[in-house]
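A structural walkthrough
Here is how the chains run, residue by residue.
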Amino acid sequence: METVSENTCFGGVQGVYRHKSSATNCEMTFGLFLPEEAKDGPVPLLWFLSGLTCTHENAMTKAGAQAWCAEQGIAIVFPDTSPRGDDVADDENYDLGKGAGFYVNATEEPWAPHYQMWDYIAGELPAFLGENFAVDLGRQAICGHSMGGHGALTLAMNLPGRYRSVSAFAPICNPTASDWGRKQLSAYLGSDETTWARHDATLMMRDKGFDGPVLVDTGTSDQFIDLLRPEALAQAVNERRQQATLRLQPGYDHSYFFISTFMEDHVAFHAEALYRD
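First things first, this report covers the structure right here in the doc. Just so it is clear, the model here is predicted, and its values are computed rather than measured. (Residues numbered from 1 in each chain as written. Predicted model: local features only at pLDDT ≥ 70, side-chain atom pairs only at ≥ 80, totals over all residues. Heavy atoms only, no water.)

Moving on, we come to the pairing of strand E7 (residues 163-169). Burial of E7 is extensive: 6 of the 7 residues sit out of reach of the surface. The sheet contact formed by strand E6 (residues 135-145) and E7 spans 5 bridges and is parallel. Bridge pairing in E7 places His145 opposite Phe169. Of the pairings in the sheet, the one linking E7 to strand E8 (residues 214-219) comprises 4 bridges and is parallel in character. Residue pairing in the sheet places Ser167 in a bridge with Leu215 of E8. (Buried < 20%, exposed > 50% of the residue type's maximum accessible area, 1.4 Å probe, protein only. Helix = DSSP H or I, 4+ residues; strand = E, 2+ residues; numbered from the N terminus. Pairing = 2+ DSSP bridges.)

Sheet architecture is open: 9 strands sit in the order E1-E2-E3-E5-E4-E6-E7-E8-E9, paired in mixed fashion. A strand with exactly one partner marks an edge of an open sheet, and here the two such strands are strand E1 (2-9) and strand E9 (245-249). Within the sheet, the average angular offset between the axes of one strand and its neighbour, ignoring direction, is 20°. Here 7 bridges tie E1 to strand E2 (residues 12-21), and the two strands are oriented antiparallel to one another. Paired with Thr8 across the bridge in E2 is Val13. This element, helix H2 (residues 65-72), spans E1, E2, strand E3 (26-34), strand E4 (43-49) and strand E5 (75-78) of the sheet and lies at about 150° to E5. (Axes fitted to C-alpha atoms, helices over the stretch in contact; angles between N-to-C directions. Contact = heavy atoms within 4.5 Å.)

Moving on: the packing of H2 against helix H9 (residues 256-274). Their axes nearest at 9 Å, the elements H2 and H9 cross at an angle of 30°. Taken together, H2 and H9 sit at an angle that is classed as roughly parallel. Read as a crossing pair, H2 and H9 show a hand that is right-handed. Listed contacts from H9 to Ala65, Trp68, Cys69 and Gln72 of H2 are Met263, Glu264, Val267, Ala268 and Ala271. (Parallel < 35°, antiparallel > 145°, perpendicular 65-115°, else oblique. Left-handed = near helix turned anticlockwise from the far one by under 90°.)

A word on the packing of aromatic side chains. Going through the model one piece at a time under the given rule, you end up with 14 aromatic pairs. Ring geometry for Phe30 against Phe133: centres 6.3 Å apart, planes inclined by 85°, an arrangement best described as edge-to-face. With a gap of 103 residues between them, Phe30 in strand E3 and Phe133 in the loop between helix H3 (117-132) and E6 connect regions that are remote in the sequence. Across the ring face of Trp118, the terminal group of Arg198 is positioned such that the distance to the ring centre comes to 4.7 Å. (Phe/Tyr/Trp six-rings, centres within 6.5 Å; stacked < 30°, edge-to-face > 60°. Lys NZ or Arg CZ within 6 Å of the ring centre and 35° of its normal.)

Structurally, the position occupied by Asp222 is in the loop between E8 and helix H7 (225-228). Although Asp222 lies buried, it forms no salt bridge, and the closest oppositely charged side chain, Arg229, sits 14 Å away as judged by the N-O distance. Within polar-contact distance, the side chain of Asp222 engages the side chain of His254 at 2.6 Å. With sequence-adjacent residues up to four places away left out, Asp222 is seen in contact with Ala170, Leu228, Tyr252, Asp253 and His254. (Lys, Arg positive; Asp, Glu negative; His and termini not counted. Salt bridge = Lys/Arg side-chain N within 4 Å of Asp/Glu carboxyl O. Polar contact = N/O pair within 3.5 Å; in protein donor to acceptor, adjacent residues only side chain to side chain.)

The tally for this structure, following the rule as stated, stands at 9 salt bridges. Between Arg229 and Glu231 there is a salt bridge, and its shortest N-O distance comes to 3.9 Å. By relative accessible area, which is 47% here, Glu231 ends up partly exposed. Across the pair Arg247 and Asp265 runs a salt bridge whose closest N-O atoms are separated by 3.1 Å. With a gap of 18 residues between them, Arg247 in strand E9 and Asp265 in helix H9 connect regions that are remote in the sequence. For Arg247, a relative accessible area of 26% puts it in the partly exposed group. What makes Asp265 partly exposed here is its relative accessible area of 34%.

At 3.6 residues per turn, the α-helix brings residues three or four places apart onto the same side. The largest bend in H3 is about 35°, located at Glu124, with the proline Pro126 one to four residues further on. Regarding H3, the residues found buried are Met117, Trp118, Tyr120, Ile121, Ala122, Glu124, Leu125, Pro126, Phe128 and Leu129. Looking at the buried residues of H3, the elements they touch are E2, E3, E4, E5, E6 and helix H4 (147-158). (Bend = angle between axes of the 7 residues up to and from the residue.)

Structural data, given as structure tokens:
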């Protein structure tokens, strides 16, 4: 592991680290904030999965999460959104390839050799964090924005017992029925749409739901709201009678101004679940 940087932040440490990933077959970089309490032993861990075009850095520098995580004594990790490197396949469009891993394990060429983001987030990175940092893998929660909200919701529902709570900012709720989803799922997973279902939060909500609290915020002025399809997830939540809080925030868009406004709510929401016995 290479330490790229470490900065004192709200009494804790905001670090950036690089390591060789066997899942993605390339070097991966992530940000990790450890609160002051981590000096005395493992602390709960919150995941923040970012959206299209982002790296580990966007949410780390713009979401304002560290102050609220420090207040609650929670670590927060900011993974990258895709594999990186000169030999990693890419696309000229922003919504496919680098920065657009969609948190799936690609089975199709040219993506399969590196685009194994599901295995990286669900398996390799948590194990790596547990071995190298004072984080308690028995107390995890997950959050994400846009494509990362899609990832957070689908990981939470596919891995029962892993996360105590899940939240999302403007998630892609129904990718199998959206241009933000059908393009990427067909490219990464192929034309057999039966393999797409586990990566669709609306379909997973109807099929499995989540054994814990759910919080989703979407802005009514989100410029991508028709691609996000929050109404599809809301219908699935109602049909399942899932424990969930779904909020439409008037006037807010898709930006980090929106995320930073409600980050305190999300961290407090997760803290309640993470510290529950």
